[in-house]
Amino acid sequence: MKKQAIIKVKNLTAQYGDDVILDNISFDVFEGEILVVLGSSGCGKSTLLRHMIGLDKPFLGNIIIDGENITSSDGLYYNVLKKIGVLFQSSALFGSMTLSENIALPIKEYSDLSKSSIINLVRMKLCMVNLQGYEDYLPSKISGGMKKRAGLARALALNPKILFLDEPTAGLDPVSSAEIDELILLINKSIGTTMVIVTHALDSILNVAQRIIMLDKTTKSIIAEGDPRYLKDHSKNVSVRQFFNRKAKIRI
Amino acid sequence: MTKSKQLSSRFYEISEKEKGQILILLKGKIDIKNSAYLLKELTPAIKGNALSSLVIDLGKVDYLDDFGALVLLETKRLVAEQKGKFSIVNVKDNIKGILSLVNFESNEYFMPLKKYTRPNILVHLGESAIQNTDNIRFFISFLGSVILSFIHVCLHPKDLRIDDTITYMKKTGVDALPIVALISFLLGLVMAFTSSLQLQQFGANIYVASLVSIAMVSELGPIMTAIVVAGRSGSAFAAEIGTMKISEEIDALFTMGFNTTIFLAVPRIIACIIVVPILTLFSDLFAISGGLMVGVFMLDLSTTSYINQTMETLTLFEVMWGLGKSFVFAALIAWIGCLRGFQTRGGADSVGNAATSAVVSSIFLIILFDSIFAVLRSYW
Ligand SMILES: Nc1ncnc2c1ncn2[C@@H]1O[C@H](COP(=O)(O)OP(=O)(O)O)[C@@H](O)[C@H]1O
Ligand SMILES: [Mg+2]
């Protein structure tokens with residue numbers, strides 16, 4: 001059974017000014033899957049993510065989320081925004097709000113729950129990411145890894161259909177990263193959230209990803225697509241195998 | 001058989017088997033869309049009864065997320081309040097996953113959140129006393145650090161970041177010129193006009209020129225310019241340095257072995273003390289030309305006589321006095337702007353506070369020092 005594509009990226013060319021970052025790439029994300037985007041740093045992973053969310057407009061090409069073309073509508077894609085959650089690379093928690101206020105913000109806006117119910121819901125969300133007890137902390141008073149987890153809880157606030165995670169485990173200790181990976185899998189399994197994850201962490205790619213796409217800085221396009229466990233040993237492309245087997249590039 | 005109440009809808013069926021024993025059958029998908037509705041519907045059904053036990057049957061639920069878990073949790077709390085027994089039956093595996101993820105079984109949710117207790121007034125007083133002493137200490141230590149850095153830069157001119165200094169000179173000086181010129185011109189115009197109303201009565205029109213030039217050059221020129229610069233550049237310094245502070249850029253500089261005062265504060269202060277006196281000169285000029293406009297077009301003075309009167313009134317001392325003041329004001333503005341920047345702690349709002357406080361403090365200091373100058377001069 002072929003799953004339905006929930007995000008379609010068609011012939012996307014992304015530029016900053018005259019710098020082409022991504023050149024004519026196309027791929028689909030299927031409903032309920034975990035897709036990992038990887039590649040060397042600076043190859044345009046965050047750029048791709050920003051385009052898929054609609055924060056940056058493509059130079060050429062289209063992005064269709066759940067049947068709606070977000071490139072043609074001029075920023076008026078609120079319907080789509082309700083379906084997505086984003087964890088930014090720098091967490092982007094609101095500095096003047098406590099963690100619980102950060103998470104409660106979208107819930108208050110988009111649900112009819114009573115105040116006391118929202119408090120409990122927020123506690124559950126924080127419990128999910130192992131931050132129980134930190135409800136009243138300001139973002140500036142917690143560590144980077146904890147910010148990542150709180151950002152994840154906020155991205156999950158409305159249980160969106162699609163979750164975009166930009167380097168969710170960067171800067172976390174191995175135990176917390178493993179916990180985040182497990183959480184991602186659990187959420188994907190029990191709620192069925194589609195996930196698009198940008199990450200470098202090899203073990204978490206092999207654990208979490210059902211499919212990967214690998215971007216390349218020189219060709220500015222996708223050089224590998226498929227199951228990471230297969231690509232690891234069988235990819236035709238040397239640099240893909242190097243990535244998975246942690247080899248440095250051979251300098252000539 | 002006793003009356004058995006039946007309540008139902010698309011998402012639930014409530015039935016009461018025996019007195020006080022309720023069975024709730026939930027159905028379908030329980031998520032953000034219907035959790036608030038369910039809670040509203042279920043609460044009265046549970047609260048109204050003397051309850052001995054409540055069983056929730058999840059057999060017909062195919063999807064439940066943490067919003068659904070919230071419904072279960074709130075129900076559980078209600079039952080616990082009435083000292084009844086609560087149980088969930090027919091839980092599917094994926095739902096079990098969610099429930100364990102949110103730690104549903106834990107009693108923690110029934111404990112009130114550790115409330116942040118407001119410290120009493122003595123604690124408050126003590127805290128703000130400590131904070132103020134810290135502030136004053138930093139105030140003084142920063143002053144010292146700026147002075148030391150200046151001495152260092154004088155001895156090792158190579159350590160001054162010339163490029164930065166020039167950028168700040170442009171930002172503080174050149175970019176501020178249009179607004180300073182406009183404000184001063186209008187100020188000169190207004191002053192000449194107002195004073196002429198009085199002086200005309202005595203046929204002393206020509207003294208408008210003296211009044212405008214003396215008032216502008218020794219008092220209003222330096223103050224107006226300083227206030228404009230405080231609003232434009234003092235706040236910008238505080239915001240720039242404050243943002244660097246909260247994003248750990250200043251810590252990065254420090255660990256690279258840079259003296260942050262020399263790196264960030266000194267170029268700004270030097271730029272300010274160079275360009276603000278020049279701006280003040282421009283301000284004087286434009287104010288005098290504003291006065292000249294009124295003199296020539298409304299008071300029938302000739303351009304030559306107006307300028308002659310101005311030249312006669314203004315002594316070199318007067319001009320230097322004004323410039324000396326603006327030099328001091330410039331140092332104060334740049335110093336307090338940088339100080340507020342370095343004092344920033346916390347998030348985005350603290351950067352805003354730093355900028356505001358930089359402007360307010362510099363205007364206060366400008367007026368304070370102006371008064372000190374006035375007193376000094378009267379004892380000259
Ligand atoms: N706002 C921007 N303006 C101009 N260039 C940018 C901008 N953001 C990123 N870039 C460039 O785009 C490239 C890809 O960046 P990014 O997508 O952040 O990479 P990564 O794969 O590490 O997330 C980099 O070469 C970077 O210099
Ligand atoms: Mg990135």
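In short, a report on the structure. Keep in mind that this is a model prediction, so the values were computed, not measured. (Residues numbered from 1 in each chain as written. Chains lettered and ligands numbered in written order. Predicted model: local features only at pLDDT ≥ 70, side-chain atom pairs only at ≥ 80, totals over all residues. Heavy atoms only, no water.)

## What about the coordination of the magnesium ion (ligand 2)?
Residue and element names in this part refer to chain A.
Next, step 1: Around the magnesium ion (ligand 2), the donor atoms from the protein are Ser46 (OG) and Gln89 (OE1), and they sit 2.0 to 2.6 Å away. Linking Ser46 in helix α1 (residues 45-53) with Gln89 in the loop between β6 (84-87) and α3 (99-110), this pair joins segments that are 43 residues apart in sequence.
Next, step 2: Taking relative accessible area as the criterion, Ser46 reaches 25% and is therefore assigned partly exposed. (Donors = N, O, S within 2.8 Å, 3.2 Å for Na, K, Ca; no water. Helix = DSSP H or I, 4+ residues; strand = E, 2+ residues; numbered from the N terminus. Buried < 20%, exposed > 50% of the residue type's maximum accessible area, 1.4 Å probe, protein only.)

## Brief notes about unusual backbone geometry
Next, step 1: Look at Ala92 of chain A: it is not a glycine, yet its phi comes out positive at around 55°.
Next, step 2: On the secondary structure map, Ala92 of chain A appears in the loop between β6 and α3.
Next, step 3: The residue Glu248 of chain B is not glycine, and still its phi comes out positive at about 65°.
Next, step 4: Mapped onto the elements of the fold, Glu248 of chain B is located in the loop between α7 (207-246) and α8 (249-255).

## Re the side chain of Ser117 of chain A
Next, step 1: Here Ser117 of chain A shows up in helix α4 (residues 115-128).
Next, step 2: Discounting chain neighbours no more than four positions away, the residues touching Ser117 of chain A are Leu39, Leu70 and Glu74 of chain B. (Contact = heavy atoms within 4.5 Å.)

## Things to note about the packing of aromatic side chains
For any pair of aromatic rings, geometry is given as the distance between the ring centres together with the angle between the planes.
Next, step 1: In this structure the tally under the stated criterion is 11 aromatic pairs over all chains.
Next, step 2: Between Phe329 of chain B and Phe373 of chain B the ring centres are 6.5 Å apart and the planes differ by 75°, which places this aromatic pair in the edge-to-face class. Taken together, the residues Phe329 of chain B in helix α11 (residues 316-343) and Phe373 of chain B in helix α12 (residues 348-378) connect sequence positions 44 residues apart.
Next, step 3: Aromatic rings pair up to connect Phe317, Trp321, Phe329 and Phe373 of chain B into one cluster.
Next, step 4: Arg154 of chain A extends its terminal NZ or CZ atom over the ring of Phe94 of chain A, reaching a point 4.6 Å from the ring centre.
Next, step 5: The lysine or arginine in question, Lys29 of chain B, covers the ring of Tyr63 of chain B, its NZ or CZ lying 5.1 Å from the ring centre. (Phe/Tyr/Trp six-rings, centres within 6.5 Å; stacked < 30°, edge-to-face > 60°. Lys NZ or Arg CZ within 6 Å of the ring centre and 35° of its normal.)

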